[in-house]
Every structure is written in structure tokens, then in C-alpha cells.
Amino acid sequence: MVTDFDGKVALVTGAAGGIGGAVAAAFRAEGARVAMVDRTVAGLTPDEGTLPIACDVADPARIDAAISETLARFGQLDVLVNVAGIMIYKPIVDQDAADWHRLLAINLVAPALFTGHALRHMPRGGAIVNVASIHAHRTSAEVASYAASKAALVSLTRSTAIEGQARGIRCNAILPGAIDTPLLHASPNIASGIEVIDPADIGRPQDVAALAVFLASDAARFVTGAELVADGGRLGRL
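Everything quoted here is computed from the prediction, not taken from an experiment.

K.L.:
Report on the overall build of the protein, specifying residues and quantitative values.
P.N.:
What the protein contains, in helices and strands, is 8 helices and 7 strands. Its C-alpha radius of gyration of 17 Å places the protein within 12% of the 18 Å reference for a compact globule of 238 residues. Taken over the C-alpha atoms alone, the protein extends approximately 50 × 40 × 35 Å along its principal axes. Split into buried and exposed, the 238 residues of the protein put 48% on the buried side. Considering only contacts in the protein between residues 6 or more positions apart, those separated by 24 or more positions represent 69%. Carbon and sulfur atoms provide 57% of the accessible area of the protein, an area that totals close to 10,600 Å². Charge-centre separation for the protein: the mean point of 19 positive side chains lies 5 Å from the mean point of 24 negative side chains.

Laid out in C-alpha cells, this is it:
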């Protein structure tokens, strides 16, 4: 399988996190130059092929600036991977408008705005990958806003694939299950026993990153509008 990204530019959101960091590293290893976008970039080390960009993706003006910085530095944009996301652990009755607006701004509106920029600036052959979640299909208590946002992100993926087709731009979604990241270990649902995960069902950030590289590569040139579940088979057993 050829996944060479020499001469290509990838923008990855949430690049300081577990999955985002693995995705950025995977594209860099394949030869891409990478814009690494996150709210804080203190732990990201720049080199000649990487550009850390501090960006609160809940702020549309910062999204615009992140795209401008990427284009000013690298002159192009070929791949977008929307990873950044948050979770709120509250029953629906306790989530107020501020909770919903903040989560949707990060988990849905930001990917939509980055996607709009990508469709404007990418050449034919460009690719967008959205990191959603199996919560888009099956979920648990106290994460209603997160599950709703990921279901909407999958829907956005399908719409982007339709609108991107005439431009020669593909869009696909990855639906990870439990992945060994700080977000997983911070889950109060797991700590309380509301959600029980067999250690054998916990994947690595690199598992998601490998799929992102594949979906963005020419090896997946005939794949668009798809949802790829990466959960070790756990969803099929629930």
C-alpha cells in the first residue's frame, strides 16, 4: 500500500492530545509537512516540516487564523484531520445551554468551519478525515451532548463527501472505540462503573492514526462518505 505524502501538507486539530498527536506523527513519518493545531502547543516541538498553531477551535476567528498561518508557511493544504473534541459528563437534565454550546462549538462547528476552508483551498485529490466515535451509534448514560455531536459529525462527513465530489475532495469518518488516551482515563463513567471496558478492547492512538493516513492516501481514492469503526470488535458484541 502506497501512502507517501512527500510534498503534501496536513492540518491536524487536537494535535497535542493522544489521538491527534499520533495522527500528526504518522503523517510526518509519511513525509507530509504538518500544521499541528491545539489550544495549547507548549508540548509541541516545531521543525522544518511542522508548524504548531495555538488555536481554541471554539473561536471561529482563530480557525481562520490557523488556516492563514498554514497557507502562509506551507503554501497549500492537502489533508485535514479533525480530531479535537471534548466530553461533558452530566445527565441531560443537568446540562445547560452553555454546556451544549461549548461542546458543539468544539466537536461540530469547528470541524464544519475547518471543512469549509479545506473545500475552498484544497486541490483535487485532497482528503478530509473526521474522527468521530462509536458513541455516534451506541452510547451510555451522561454523555448525551458528546454522542449527539459525534452523530452529527458523521452526518457532516456524508454531506462533505457529496459536496466535495465535484471538487475531487474526499471525506471519511473514523469511529474509534475505547482508545488509550488521557480522555479515556479521565472518564468518571469508567471510574464509577457505569461503563465497563475489557482491557482487551482498548486500542492505541496509533491504531486510529494508521487509519487516518490510509483514508487520506491514494490507496483509498475510491472511498468517500464512509464510516470506519475502529473498536476491536466491541460494537459488534454490544
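Having seen it, we continue.
K.L.:
Describe in detail the state of the cysteines, supporting the description with residues and values.
P.N.:
Counted by the stated rule, this structure contains 0 disulfides. A disulfide-free cysteine, Cys55 has its sulfur positioned 19 Å from the sulfur of Cys171, the nearest such atom. By relative accessible area, which is 2% here, Cys55 ends up buried. Given the relative accessible area of 0%, Cys171 is considered buried.

K.L.:
I'd like a description of the layout of surface pockets, backed by residues and values.
P.N.:
Empty space within the second largest pocket amounts to approximately 210 Å³. Every residue lining the second largest pocket is listed: Gly125, Ala161, Gly164, Gln165, Gly168, Ile169, Arg170, Ala216, Ser217, Asp218, Arg221 and Thr224. Broken down by element, the lining of the second largest pocket gets its largest block of residues, 3 residues, from helix α4 (residues 144–165). Of the residues that constitute the lining of the second largest pocket, the class distribution is 3 nonpolar, 6 polar and 3 charged.

K.L.:
So what about the environment of Pro91? Which residues, and what values?
P.N.:
Assignment of secondary structure puts Pro91 in the loop between β4 (79–82) and α3 (97–121). In sequence terms Pro91 and Glu227 are 136 residues apart; their C-alpha atoms lie 28 Å from each other.

K.L.:
Pulling in residues and values, what's your account of α3?
P.N.:
Taking 1.5 Å of rise per residue, 25 residues should cover 36 Å, and α3 covers 34 Å from first to last C-alpha, within 8% of that figure. Taking the largest bend as the criterion, α3 deviates by roughly 45°, centred on Ala105. The complete set of buried residues in α3 reads Asp99, Leu103, Ala105, Ile106, Asn107, Ala110, Pro111, Phe114, Thr115, His117, Ala118 and Leu119. Looking at the buried residues of α3, the elements they touch are β1 (9–13), β2 (33–38), α2 (60–74), β4, β5 (127–131) and α4.

K.L.:
An account of the pairing of β2 is needed here, citing residue identities and associated values.
P.N.:
Counting buried positions over the 6 residues of β2 gives 5, a clear majority of the element. Bridge count for β1 against β2 is 5 bridges, and the pairing is parallel. By the bridge assignment for β2, Val12 is matched with Met36. Regarding topology, helix α1 (residues 18–29) serves as the crossover connection from β1 to the parallel β2, and that connection is right-handed. Note that β2 and strand β3 (residues 50–54) share 5 bridges and pair parallel. Bridge pairing links Val34 to Thr50 in β3.

K.L.:
Provide a residue-level description of the nonpolar core, including the pertinent values.
P.N.:
Val12, Val23, Phe27 and Val81 are the most contacted members of the largest nonpolar core, which totals 29 residues. When contributions to this core are tallied by element, the ones reaching two or more residues are β1, α1, β2, β4, β5 and α7 (205–216). With 25 residues, the next largest nonpolar core counts Ile53, Ala66, Phe74 and Leu119 among its residues.

K.L.:
Could you give an account of the pattern of salt bridges, naming the residues involved and the relevant values?
P.N.:
Two side chains carrying opposite charge are able to pair once their charged atoms lie near each other. Throughout the structure, instances matching the rule amount to 7 salt bridges. As a salt-bridge pair, Arg28 and Glu48 come within 3.5 Å of each other at their nearest N and O atoms. Taken as a pair, Arg28 in helix α1 and Glu48 in the loop between β2 and β3 lie far apart in primary sequence, 20 residues in all. A salt bridge links Glu227 to Arg158, with the shortest nitrogen-to-oxygen separation between them at 3.1 Å. Note that Glu227 is positioned in strand β7 (residues 227–230) and Arg158 in helix α4, a separation of 69 residues in sequence. Overall, the relative accessible area of 38% leaves Arg158 in the partly exposed class. Each of Arg28, Asp47 and Glu48 takes part in salt bridges that share partners, so that together they form one network.

Rules used in this analysis
Residues numbered from 1 in each chain as written. Predicted model: local features only at pLDDT ≥ 70, side-chain atom pairs only at ≥ 80, totals over all residues. Heavy atoms only, no water. Helix = DSSP H or I, 4+ residues; strand = E, 2+ residues; numbered from the N terminus. Rg over C-alpha atoms; globule rule 2.2 N^0.38 Å. Buried < 20%, exposed > 50% of the residue type's maximum accessible area, 1.4 Å probe, protein only. Contact = heavy atoms within 4.5 Å. Areas by Shrake-Rupley, 256 points an atom, 1.4 Å probe, with all protein chains shown as cover. Lys, Arg positive; Asp, Glu negative; His and termini not counted. Charge placed at Lys NZ, Arg CZ, Asp CG, Glu CD. Disulfide = S-S within 2.5 Å. 1 Å grid on protein atoms, 1.4 Å probe; cavity = no way out; pocket = protein on both sides within 12 Å on 5 of 7 lines; lining within 4 Å. Points joined across faces, edges and corners; volume = space filled by probe spheres on them. Nonpolar A, V, L, I, M, F, W, Y, C, P; charged D, E, K, R; others polar. Expected span 1.5 Å × (residues − 1). Bend = angle between axes of the 7 residues up to and from the residue. Pairing = 2+ DSSP bridges. Right-handed = clockwise from strand over helix to strand, strands pointing away. Core = buried A, V, L, I, M, F, W, Y, C linked by side-chain atoms within 4.5 Å. Salt bridge = Lys/Arg side-chain N within 4 Å of Asp/Glu carboxyl O.

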